[in-house]
Amino acid sequence: MDATSAAGSAPEPTTPASSPAGAAPESSTPASQRATGRAAVELPRLPAAGALYRRALLGALPGLGGRRAAEVPAVELGVTGVPVDPAHLADYDRVCGFRLADRLPATYLHVLGFPLSLRLMTAAAFPIPLTGVVHVANRITVRRPVRVGETVDFRTYAENLRPHERGRQLDVVLVAAVGGEEVWRGVSTYLGKERTAGGPRRDRGDRPAPPASSAQWRVTPRVGTDYARVSGDHNPIHTSRLSARLFGFPRPIAHGMWSKARCLAALESRLPEAYTVDVSFKLPVPLPSTVAFSASATGTSWDFALHSARDGRPHLVGTVR
């Protein structure tokens, strides 16, 4: 789940021990940030995601992880003036099925700004370790289209740590602004599995029959490696059979955000200028496999889903409103 391609390879800034959440030296905190109770920390550039993943893997080793905080860190990380690389955008569009255009797909800003969120999530003070974390839901609000040539300011923070039947989950918020105006907001919900679960168990009942599909897509192992390249998410559960097995999957699985992007690409010509797209990730998409896409419209709203074409097992359900 990282974004090295978008982040580049610039070294991370040196961090004094007093900086919150292991972040870069902080600038003065504006009154609007003090009102939230979070300290605002401005980074000089997007972090290098590869180094952050190495930090997370080291932290997973016995004796090196340390104790996790009981609450989300009271910090908001920010970075300004992030440009859009047209070549990288075009590569992303091809991998996810979008048309080549100078308008950014809704999911692209998640990729572009994710190294900032990754910096937050790999800090020692973050309550859920990154290794083994499960991305269970994602909500993106597009307030207006963003185009190549605009530079983007990002900020990120975590909130709403809560119990779940299999552990704890929280929301990581990533906000994009252009010229001081918020243009995009993403909320990713992550589950940290724990042996002692704190939330009530859900009554799953019978699995409903999948809706009739409007398209089927063959998802090959190359989807895992290609999306890892364009997103920078080199988590080996998406590219390595051995690593996938270590985490309980018989073979590699597709990135959840690729699945969301591919569904949005299928609806691309029918999306309004401003909208919210909300998805819940269900069962992983194994690589290779064939998936069935379905969508139905009510006015300008859409309900869509992704299922296994073989047995109807749900992979993703979503709405556009």
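Above this text sits the structure in question.
Since this is a predicted model, take the numbers as computed values, not measurements.

Cut-offs applied
Residues numbered from 1 in each chain as written. Predicted model: local features only at pLDDT ≥ 70, side-chain atom pairs only at ≥ 80, totals over all residues. Heavy atoms only, no water. Pairing = 2+ DSSP bridges. Helix = DSSP H or I, 4+ residues; strand = E, 2+ residues; numbered from the N terminus. Axes fitted to C-alpha atoms, helices over the stretch in contact; angles between N-to-C directions. Buried < 20%, exposed > 50% of the residue type's maximum accessible area, 1.4 Å probe, protein only. Polar contact = N/O pair within 3.5 Å; in protein donor to acceptor, adjacent residues only side chain to side chain. Parallel < 35°, antiparallel > 145°, perpendicular 65-115°, else oblique. Contact = heavy atoms within 4.5 Å. Nonpolar A, V, L, I, M, F, W, Y, C, P; charged D, E, K, R; others polar. Core = buried A, V, L, I, M, F, W, Y, C linked by side-chain atoms within 4.5 Å. Patch = residues over 30% accessible without salt bridge, like charges linked within 9 Å, V, L, I, M, F, W, Y side chains within 5 Å. Areas by Shrake-Rupley, 256 points an atom, 1.4 Å probe, with all protein chains shown as cover. Salt bridge = Lys/Arg side-chain N within 4 Å of Asp/Glu carboxyl O. Phe/Tyr/Trp six-rings, centres within 6.5 Å; stacked < 30°, edge-to-face > 60°.

Visitor: Can you walk me through the sheet that holds strand β2 (residues 75–82) in this structure?
Guide: Two orientations exist for strands paired in a sheet by backbone hydrogen bonds: parallel and antiparallel. Pairing in this open sheet of 11 strands is mixed, and the strands run β1-β2-β4-β5-β6-β3-β8-β11-β10-β9-β7 from one edge to the other. The outermost strands of the open sheet, each flanked by one partner alone, are β1 (39–42) and β7 (215–219). Taken pair by pair, the neighbouring strands of this sheet meet at an average axis angle of 20°, ignoring direction. As paired elements, β2 and strand β4 (residues 152–164) share four bridges and run antiparallel to each other. Bridge assignment links V79 to a residue of β4, and that residue is F154.

Visitor: How should I be thinking about the pairing of β4 in this particular structure?
Guide: Side-chain direction in a regular strand flips from residue to residue, so the side chains alternate between the two faces of the sheet. In the sheet, β4 pairs with strand β5 (residues 167–178) via 10 bridges, with the strands oriented antiparallel. Along β5, the bridge assignment pairs E159 with D171. Once β4 ends, the chain turns through two residues before running back antiparallel as β5.

Visitor: Just to check I follow, could you spell out helix α4 (residues 86–96) for this structure?
Guide: What sets the pattern is the α-helix's 3.6 residues per turn: residues three or four places apart point alike. Every buried residue of α4 is listed here: H88, L89, A90, Y92, D93, V95 and C96. Its side-chain oxygen placed 3.0 Å from the backbone nitrogen of A87, D85 serves as the N-cap of α4. Just past α4, the residue G97 takes up positive phi, approximately 95°.

Visitor: Explanation requested: the packing of α4 against helix α8 (residues 256–266) in the structure shown.
Guide: Between α4 and α8, the shortest axis-to-axis distance is 9 Å and the interhelical angle comes to 85°. Compared by their axis directions, α4 and α8 come out roughly perpendicular. Residues Y92, V95 and C96 of α4 pack against W258, A261, R262 and A265 of α8. Looking at the contact of α4 with α8, its residues break down into six nonpolar, no polar and one charged.

Visitor: I'm lost on the nonpolar core in this one. Help?
Guide: General note: in soluble globular proteins, nonpolar side chains tend to be found buried as a group. Counting residues in hydrophobic clusters, the biggest one holds 72 residues, and the most contacted among them are Y92, L109, F154, Y227 and F304. Take this core: its biggest share by element is nine residues, from helix α5 (residues 108–121). Beyond its immediate chain neighbours, meaning those up to four positions away, L109 contacts L104, V146, V152, F154, L174, A176 and W184.

Visitor: Would you take a moment to explain a nonpolar patch on the surface for this structure?
Guide: Taken together, the side chains of L242, L246 and F247 define a hydrophobic patch exposed on the protein surface, amounting to about 370 Å² of accessible area. Inspection of the secondary structure assignment puts F247 in the loop between α7 (241–246) and α8.

Visitor: Teacher, can you tell me more about the environment of C96 here?
Guide: Looking at the secondary structure, you find C96 in helix α4. Excluding residues that lie within four positions of it along the chain, C96 makes contacts with Y227, W258, A261, R262 and A265.

Visitor: Can you walk me through the pairing of strand β11 (residues 314–320) in this structure?
Guide: With five of seven residues buried, β11 is to be regarded as a mostly interior element. The sheet contact formed by strand β8 (residues 275–281) and β11 spans five bridges and is antiparallel. By the bridge assignment for β11, D278 is matched with T319. Once strand β10 (residues 301–308) ends, the chain turns through five residues before running back antiparallel as β11, passing G312 with a positive phi of about 80°.

Visitor: Explanation requested: the packing of aromatic side chains in the structure shown.
Guide: Counting across every chain of the model gives four aromatic pairs. Ring plane angle 15° and centroid distance 6.2 Å describe the contact between Y92 and F98, whose orientation is recorded as stacked. Ring geometry for W217 versus F293: centroids 5.1 Å apart, planes at 20°, classification stacked. Within this pair, whereas W217 is found in strand β7, its partner F293 is found in strand β9 (residues 289–298), the two being separated by 76 residues in sequence. Looking at W217, the relative accessible area reads 11%, which means it is buried.

Visitor: Hey, could you run me through the side chain of H315 in this one?
Guide: Here H315 lies in strand β11. A relative accessible area of 7% places H315 in the buried class. Polar contacts involving the side chain of H315 include one to the main-chain carbonyl oxygen of L283, which spans 2.9 Å. Look past the residues within four positions of H315 in its chain and what remains in contact with it is S280, F281, K282, L283, P284, V285, P286, V291, L306, H307 and S308.

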